[in-house]
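Reading the structure
This is what each chain is made of:
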Amino acid sequence: MSEKSDTRESWKRRFLVWLVPTLVVFLQRIIGLTSRKVELGKEHFNSLYPLKKPFILSVWHTNVLYSPYLNKNRKLAVLISESKDGDFITGVVHKFGNGSIRGSSSKGGSKALKAMIVHLRKNLPAAFTPDGPRGPAWIVQPGVIAAAQVSQVPILPFHYECTKQWIAEKSWDKHRIPKPFTTFVISYGEPIMIPRDLDEAGFERERLRVEKAMLENKLRAEQKAEELRGKTSLRSNLSELDLETRS
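Now for a description of the structure that goes with this document.

1. As for helix α6 (residues 142-151)
- Counting buried positions along α6 yields 7 of 10 residues, so the element is predominantly enclosed.
- For α6, the full list of buried residues reads V144, I145, A146, A147, A148, Q149 and S151.
- Phi turns positive, to about 55°, at Q152, one or two residues after α6.

2. Some words on the sheet that holds strand β9 (residues 183-188)
- Reading across from one edge, β1-β9-β6-β2-β5-β3-β4 is the order of the 7 strands in this open sheet, with mixed pairing throughout. The open sheet has two edge strands with one neighbour each: β1 (36-40) and β4 (99-102). Along the sheet, successive strands turn relative to each other by an average axial angle of 25°, direction set aside.
- Bridging between strand β3 (residues 77-80) and β4 involves 4 bridges; their strand directions are parallel.

3. Here's the deal with helix α4 (residues 84-95)
- Along its 12 residues, α4 runs 18 Å from first to last C-alpha, staying within 8% of the 16 Å computed at 1.5 Å per residue.
- Turning to α4, its buried residues are G86, F88, T90, G91, V92 and V93.
- Among the residues trailing α4, G97 stands out with phi positive, at a value near 80°.

The rules we used
Residue numbering note: each chain is counted from 1, following its sequence as written. Local features in this predicted model are restricted to residues of pLDDT 70 or higher, and side-chain atom pairs are both shown and tallied only at a pLDDT of 80 or more, whereas totals for entire chains, interfaces and linings draw on every residue. Note: side-chain values were computed over all heavy atoms of the structure, leaving out hydrogens and water. The classification of residues rests on relative accessible area computed with a 1.4 Å probe and restricted to protein chains. Under 20% of the type maximum is buried, over 50% is exposed, and intermediate values are partly exposed. Only DSSP runs of H or I covering at least 4 residues are called helices, and only runs of E covering at least 2 are called strands; the numbering of each starts at the N terminus. For two strands to pair, DSSP has to find at least two bridges joining them. In this analysis an axis means a line fitted to C-alpha atoms, helices contributing only their contacting stretch, and an angle means the value between N-to-C directions, from 0 to 180 degrees. Helix span, as expected, comes to 1.5 Å for every residue beyond the first.

Fair warning: the whole summary comes from geometry, so function is off the table for now.
Structural data, given as structure tokens:
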């Protein structure tokens with residue numbers, strides 16, 4: 001490939017890395033303006049963030065799309081893979097007032113983990129997708145446990161479900177995509193401290209404990225979203241019945 005072609009491809013790439021996050025952020029803000037939020041377990045979040053205590057927000061990969069929007073301007077350092085797709089996610093995260101640390105368990109993991117620990121020790125919050133970037137879905141990988149163990153910062157489970165949403169059934173993470181005029185059900189689990197001194201068996205027990213807590217938090221959000229859908233459906237049916245009675 002010629003130098004001219006390389007320059008053209010480089011310019012095209014830079015343009016896309018600017019354009020895609022800009023469009024995504026614009027669309028997310030529009031969806032947000034038409035929607036409302038219901039928060040579960042907000043006291044767990046309030047026990048940390050308003051008091052400027054560091055924590056690790058642990059978010060399943062299925063929630064990657066709208067988590068930056070729902071956590072905007074919190075100065076979170078988000079662990080993002082060094083893949084090309086990660087460039088677009090980084091752009092979205094930055095536009096919503098948070099930062100990024102690039103790396104993953106498969107590429108640049110050790111360097112990224114050290115940078116994350118340094119960030120946490122500055123009393124600043126961070127965010128992990130413990131089953132990312134390639135899964136398997138809803139299985140906690142060791143990185144988030146190691147970061148919490150070394151930094152002695154609690155893990156805070158986070159999950160959202162929407163009363164109106166598309167689910168990307170063919171994607172490995174069954175990604176949630178909110179629809180307009182939805183209700184975001186945002187759920188926080190109890191903060192989880194990981195002991196500093198752990199042998200291999202103890203580390204695995206802690207990994208399973210965090211995984212269980214995150215799955216329970218996910219289920220709590222799903223159940224509340226289903227409850228709200230049922231109430232909406234009931235109100236709609238009652239309205240239709242009332243109209244039929246009047247006619």
